[in-house]
2 protein chains.
Amino acid sequence: METHFQKELQELEESLLKMAGLVEGAISDAVQSLVKRDSDLAQKTFEGEDKINDMELAIDDSCLKLLALRHPVATDLRFITSAMKIITDLERMGDQAVNIAERAISLNQEPQLKPYIDIPRMAEITQSMVKDVLDAFVNQDPKLARSVCERDDLVDGLNDQVFRELLTYMYGDSQTIARAVHLMIVCRCLERIADHATNLAEDVIFMLDARVIKHHADVKEGGEGRNIT
Amino acid sequence: METHFQKELQELEESLLKMAGLVEGAISDAVQSLVKRDSDLAQKTFEGEDKINDMELAIDDSCLKLLALRHPVATDLRFITSAMKIITDLERMGDQAVNIAERAISLNQEPQLKPYIDIPRMAEITQSMVKDVLDAFVNQDPKLARSVCERDDLVDGLNDQVFRELLTYMYGDSQTIARAVHLMIVCRCLERIADHATNLAEDVIFMLDARVIKHHADVKEGGEGRNIT
């Protein structure tokens, strides 16, 4: 039978996934605003940001209540404190989406410097990382978390590629410098979001590995494993 | 008489201040490496980074133990969960210092583009923000936390100024573009560190305001204040 506490943890899990969905949407709107040269979509990112901020506060509050009233230990404790860190990361990913949207509005007022191919690809990978790291966390799936870390290299590779390409534009024609710098910043924001997701994925792996080591230590009774609580 | 739990909280506070000190040192070494064109100092930043990462894990572990064994509530609970978030920020500030050190090594291999005046100034303000936001947290000083937020505007202002100046170099002579981009990234890293400090300062203000409102609600007996636990 499901206890009230288990139901609360379930609700926490659902809120985290919902918040991650809002962040994915904010990234998508911001990048689509650039790709489709539609500044109204940038506006949607700004509105999404308010919802993301509200969710951060609400989830933080719920976590504190759970800690204060339920005295969780071991896995549940780690789950709740991890949730509190995750929402901080999600909120900052939302901030980066807002930065992208701001740059999109500026860029949409100028002639397009180049076709956007790698940037939407970077955004797509980054969104998948946000989604999957949350899934890895709630399903305690270290394999999925590792695949998130691996995708960070793809994003870094695309970032380096776009960066070099933009430098070529800048060298070739000084009229392109301002737009190229805006685009470099867009890429850097996407890279930052991917970094946040990777940091979270590393935390998930660490948390699960710690449990494995702890478990081994428990089995050996009094062995010197890393104790996560 | 001081309880064992109070002593543990005191130790946690000291560890946080020590970790913040390491981060300040890492920023200082990284920027001095650039200003003095001394790549050995960049090496010191990399070594400092290892210590910062170790402290993050150790403090996180201590916090989990305190939550599991002491069942803290109200202010103590908020203090411990805030500490867990703060160390994540401190660790990422350390990452940014490493990014600066990497750029310094690249830049030190080329002729110096311009005298570095605003960048050390940005670094100095940023270091003061890291120090003061931790002091504001442990001394529960909202005024100091607000002054940290105000300094973020100074850093952003200097960043914009250096950014415009570097754009002028880039427009004037395409040979300067690569170095100017490295310097833009150094500034962006400092700005990111200042953002982390500002986020933390906002959390401190929010935490203290919440307590004030809660206190007022308690005084009114059953009033509808924001309850932080």
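None of these values were measured; they are calculated from a predicted model.

Moving on to the overall build of chain A. If you tally the helices and strands in chain A, you get six helices and zero strands. N-terminal to C-terminal, the α/β element order of chain A is α-α-α-α-α-α. For chain A, the C-alpha atoms occupy an extent of roughly 70 × 35 × 20 Å along the three principal directions. Taking all 229 residues of chain A together, the buried fraction comes to 54%. In chain A, of all internal contacts separated by at least 6 residues, the share reaching a separation of at least 24 is 81%. Total accessible area computed for chain A in this model is approximately 10100 Å², and 49% of it derives from carbon and sulfur atoms. When the 26 positive and 42 negative side-chain charges of chain A are each reduced to one mean point, those points stand 2 Å apart.

Next up on the list: the relation of the copies chain B and chain A. The two chain copies are related to each other by a rotation about an axis together with a translation along it. Overlaying chain B on chain A yields an RMSD of 0.0 Å, the required transformation being a rotation through 180 degrees with an accompanying axial translation of 0.0 Å. The two molecules are tied by a two-fold rotation axis, judged by turn and shift. Both copies present the same face, since 100% of the interface residues in chain B are matched by interface residues at the equivalent positions in chain A.

Moving on, we come to the interface of chain B and chain A. Tallying the contact residues gives 39 residues for chain B and 39 residues for chain A. Applying the counting rule to chain B against chain A returns six salt bridges. Between Arg78 of chain B and Asp60 of chain A there is a salt bridge, with the nearest N and O atoms lying 3.0 Å from each other. Summed over the shared surface of chain B and chain A, the number is twelve residue pairs in polar contact (both at pLDDT 80 or more).

Once that is clear, we can look at the pattern of salt bridges. Side chains that differ in sign of charge can pair as their charged atoms come close. With the rule as written, the count across this model stands at 24 salt bridges over all chains. Where Asp60 of chain B meets Lys85 of chain A, a salt bridge forms, and the shortest distance between an N and an O atom there is 2.7 Å. Here the residue Asp60 of chain B occupies a position in helix 2 (residues 39-70), and Lys85 of chain A occupies one in helix 3 (residues 74-108), the pair thus bridging two chains. You can call Asp60 of chain B buried: its relative accessible area is 8%. Judged by its relative accessible area of 13%, Lys85 of chain A is buried. For the salt bridge of Glu191 of chain A with Arg188 of chain A, the shortest nitrogen-to-oxygen distance reads 3.5 Å. Linking Glu191 of chain A with Arg188 of chain A, this pair stays in helix 6 (residues 177-219), spanning three residues, or about one helical turn. Look at the salt bridges and you will find they share partners, linking Asp60 of chain A together with Arg78 and Lys85 of chain B into a network.

A word on the environment of Glu11 of chain A. Topologically, Glu11 of chain A is positioned in helix 1 (residues 4-35). Each C-alpha atom of the pair Glu11 of chain A and Ile59 of chain A lies 9.9 Å from the other, and the pair is 48 residues apart in sequence.

Another aspect to go through is helix 3 of chain A. Here helix 3 of chain A contains 35 residues, and its C-alpha end-to-end distance of 51 Å stays within 8% of the 51 Å for a straight helix at 1.5 Å per residue. The element helix 3 of chain A is largely enclosed, with a buried count of 26 among its 35 residues.

By the element assignment, Ala58 of chain B lies in helix 2. Here the alpha-carbon distance between Ala58 of chain B and Ser15 of chain B, two residues 43 residues apart in the chain, equals 9.3 Å.

Phi angles above zero are rare outside glycine, and Gln140 of chain A is one such case at about 50 degrees. Tracing the chain through its elements places Gln140 of chain A in the loop between helix 4 (118-138) and helix 5 (142-172). For Arg37 of chain B, which is not glycine, the phi torsion reads 50 degrees and is therefore positive. You can call Arg37 of chain B partly exposed: its relative accessible area is 30%.

This next bit is on the confidence of the model for chain A. Residue and element names in this part refer to chain A. Considering every residue of chain A, the mean pLDDT works out to 89; 91% of them sit at 70 or more. Low confidence marks residues 218-229, where pLDDT is under 50. Its contacts with residues over four positions away, or in another chain, come to 23 contacts. Across the interfaces of the predicted complex, the ipTM metric reaches 0.77, alongside a pTM of 0.83.

Basis of the calculations
Residues numbered from 1 in each chain as written. Chains lettered and ligands numbered in written order. Predicted model: local features only at pLDDT ≥ 70, side-chain atom pairs only at ≥ 80, totals over all residues. Heavy atoms only, no water. Helix = DSSP H or I, 4+ residues; strand = E, 2+ residues; numbered from the N terminus. Buried < 20%, exposed > 50% of the residue type's maximum accessible area, 1.4 Å probe, protein only. Contact = heavy atoms within 4.5 Å. Areas by Shrake-Rupley, 256 points an atom, 1.4 Å probe, with all protein chains shown as cover. Lys, Arg positive; Asp, Glu negative; His and termini not counted. Charge placed at Lys NZ, Arg CZ, Asp CG, Glu CD. Least-squares fit on C-alpha atoms with pLDDT ≥ 70 in both. Salt bridge = Lys/Arg side-chain N within 4 Å of Asp/Glu carboxyl O. Polar contact = N/O pair within 3.5 Å; in protein donor to acceptor, adjacent residues only side chain to side chain. Expected span 1.5 Å × (residues − 1). pLDDT = per-residue confidence, 0-100.

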